[in-house]
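# Inside the fold
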Amino acid sequence: MSLQVLILAVSAACCLGFGFVLQQNAAQKAPLSDFLSPRILLDLVKVPRWLGGIALMVVGMALGAVALGQGELSLVEPLLATNLLFAMALSRRQTKQPLGRQGWLGLLLLAGGVTAFIVAGQPTGGTALTDPFRQWLIIGVMVGTALLLTAYAKRSRLSSGPVLLATAAGLLYGVQDALTRVTGQRFSEGGLAEVLTSWQPYAVLALGVTGLVLVQSAFETASLRMSLPALTAAQPLAGIACGVGFLGDRLRTDVGALAWESAGLAAIVVGIILLGLHPAMPSGATVREPARDLQPAG
């Protein structure tokens, strides 16, 4: 793993983590009538705190795209999952809560899981598969699952809805990361003309906007404790599946390596859940009015 990829990916995670906290601070004041509607973006764009969070997210995505252009998706995605560590740092500053046993255990599991997966798997690049059926099958499963989760979330609203929406957004963001890498490769091979005449950059834009609406709807209706862990866990799993599935990423597959890779991924997920449920994470409002005017957050 090159030091440059490590710095880029961790810097991207830092921007994403801070950005998610600022977005949720603003989105929880949005009217519930905006739930799962693009109108939520039009309302939130008036809030300076949300714009700051979006700016950080854009910078994080840009840094992540550069990291994806220089490293394998299966390497970069686990590093991006550390965004929750930075979200926790900013949340602790807001809530003044100590880490305690749960926080330290979550931190160690997340960091240790990322390290174990990368060291055991030793992700390397390969030749992307040319079989369109396999590519569309994996993308279809991810997007189809996200649509099913969104449909169910629309009915459950304030119960399990936020977790389902965040999971759906994470799946879409994982696919978006994979297609971002493909777009970068096309730019390297044929320049801007090659990019503009391919479908991937337009899919990246559509997935990004759709994911943003899902995330803001999840942030609007629940605290970070419910939404961010699901988002942070789903994205790297979907990205790794795409990387190995059709982008040619290779992981070690001997028994010992597979055991450590599985343990690493499990530790990442458990660490994310422990950090996401930590009292330092803002709990948000428990009772919401169905239609409430947005007030700019200071």
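Now for a description of the structure that goes with this document. In this text the structure is predicted, and so the values were computed from the model without any measurement.

As used here, a disulfide is simply a covalent bond connecting the sulfur atoms of two cysteines. Applying the stated criterion across every chain, the model contains 0 disulfides. The thiol of Cys-15 is unpaired, and the distance to the nearest cysteine sulfur, on Cys-14, comes to 5.5 Å.

Right, let's get into the packing of helix H4 (residues 73-80) against helix H6 (residues 100-121). Where H4 meets H6, the closest approach of the two axes is 9 Å, and the angle between their N-to-C directions is 170°. It follows that H4 is roughly antiparallel to H6 by the angle criterion. The segment H4 lies against H6, with Ser-74, Leu-75, Pro-78 and Leu-79 engaging Val-114, Phe-117 and Ile-118. Residues that form the contact of H4 with H6 fall into these classes: 6 nonpolar, 1 polar and no charged.

Once that is clear, we can look at unusual backbone geometry. Phi at Gln-122 is positive, roughly 45°, even though this residue is not glycine. Tracing the sequence through the fold places Gln-122 in the loop between H6 and helix H7 (132-156). A relative accessible area of 45% means that Gln-122 is categorised as partly exposed.

Under the 1.5 Å per step criterion, the end-to-end length of helix H11 (residues 255-276) is 31 Å for 22 residues, consistent within 8% with the ideal 32 Å. The elements touched by buried residues of H11 are H4, helix H5 (83-95), H6 and helix H10 (224-246).

Ranked by size, the top nonpolar core spans 79 residues in total, and within it Leu-84 and Leu-231 carry the most contacts. Among the elements that line this core, the one with the most residues is helix H8 (residues 161-196), at 12 residues. Among residues more than four places away in sequence, those in contact with Leu-84 are Leu-110, Leu-228, Thr-232, Ile-272, Leu-275, Gly-276 and Met-281.

Among the surface-exposed residues, Phe-187, Leu-192, Leu-196 and Tyr-202 lie close enough to one another that they form a single nonpolar patch of about 440 Å² accessible area. Per-element accounting of the nonpolar patch gives the leading share, 3 residues, to H8. Along the chain, the position of Phe-187 falls in helix H8.

Relative to the helices and strands, Gln-97 is located in the loop between H5 and H6. Apart from residues lying up to four places away in sequence, Gln-97 is in contact with Arg-92, Pro-279 and Ala-280.

Okay, the side chain of Glu-77 next. Following the sequence through the fold, Glu-77 ends up in helix H4. Among buried Asp, Glu, Lys and Arg side chains, Glu-77 stands out as unpaired, with Arg-181 the closest opposite charge at 9.1 Å. With near-sequence residues (within four places) excluded, Glu-77 lies in contact with Gly-174, Asp-177, Gln-235, Pro-236, Gly-239 and Ile-240.

We now examine the packing of aromatic side chains. One pass over the full model with this rule turns up 3 aromatic pairs. On the basis of an interplanar angle of 90° and a centroid distance of 6.2 Å, the ring pair of Phe-18 and Phe-86 is categorised as edge-to-face. Linking Phe-18 in helix H1 (residues 3-27) with Phe-86 in helix H5, this pair joins segments that are 68 residues apart in sequence. Seen from their ring centres, Phe-20 and Phe-219 are 6.2 Å apart, and the 75° between their planes marks the pair as edge-to-face. Separated by 199 residues along the polypeptide, Phe-20 in helix H1 and Phe-219 in helix H9 (residues 200-221) bring together distant segments of the chain. Residue Phe-20 shares its accessibility class with Phe-219, and that shared class is buried.

Right, let's get into the packing of H1 against H9. At a minimum axis distance of 8 Å, the contact between H1 and H9 shows a crossing angle of 60°. When the axis of H1 is compared with that of H9, the two are oblique. As H1 packs across H9, the resulting crossing turns out to be right-handed. Side by side, H1 and H9 meet where Phe-20, Gln-23, Gln-24 and Ala-27 of the first sit next to Leu-212, Gln-216, Phe-219 and Glu-220 of the second. Looking at side-chain class alone, the contact of H1 with H9 contains 4 nonpolar, 3 polar and 1 charged residues.

The rules behind each value
- Residues numbered from 1 in each chain as written.
- Predicted model: local features only at pLDDT ≥ 70, side-chain atom pairs only at ≥ 80, totals over all residues.
- Heavy atoms only, no water.
- Disulfide = S-S within 2.5 Å.
- Axes fitted to C-alpha atoms, helices over the stretch in contact; angles between N-to-C directions.
- Helix = DSSP H or I, 4+ residues; strand = E, 2+ residues; numbered from the N terminus.
- Parallel < 35°, antiparallel > 145°, perpendicular 65-115°, else oblique.
- Contact = heavy atoms within 4.5 Å.
- Nonpolar A, V, L, I, M, F, W, Y, C, P; charged D, E, K, R; others polar.
- Buried < 20%, exposed > 50% of the residue type's maximum accessible area, 1.4 Å probe, protein only.
- Expected span 1.5 Å × (residues − 1).
- Core = buried A, V, L, I, M, F, W, Y, C linked by side-chain atoms within 4.5 Å.
- Patch = residues over 30% accessible without salt bridge, like charges linked within 9 Å, V, L, I, M, F, W, Y side chains within 5 Å.
- Areas by Shrake-Rupley, 256 points an atom, 1.4 Å probe, with all protein chains shown as cover.
- Salt bridge = Lys/Arg side-chain N within 4 Å of Asp/Glu carboxyl O.
- Lys, Arg positive; Asp, Glu negative; His and termini not counted.
- Phe/Tyr/Trp six-rings, centres within 6.5 Å; stacked < 30°, edge-to-face > 60°.
- Left-handed = near helix turned anticlockwise from the far one by under 90°.

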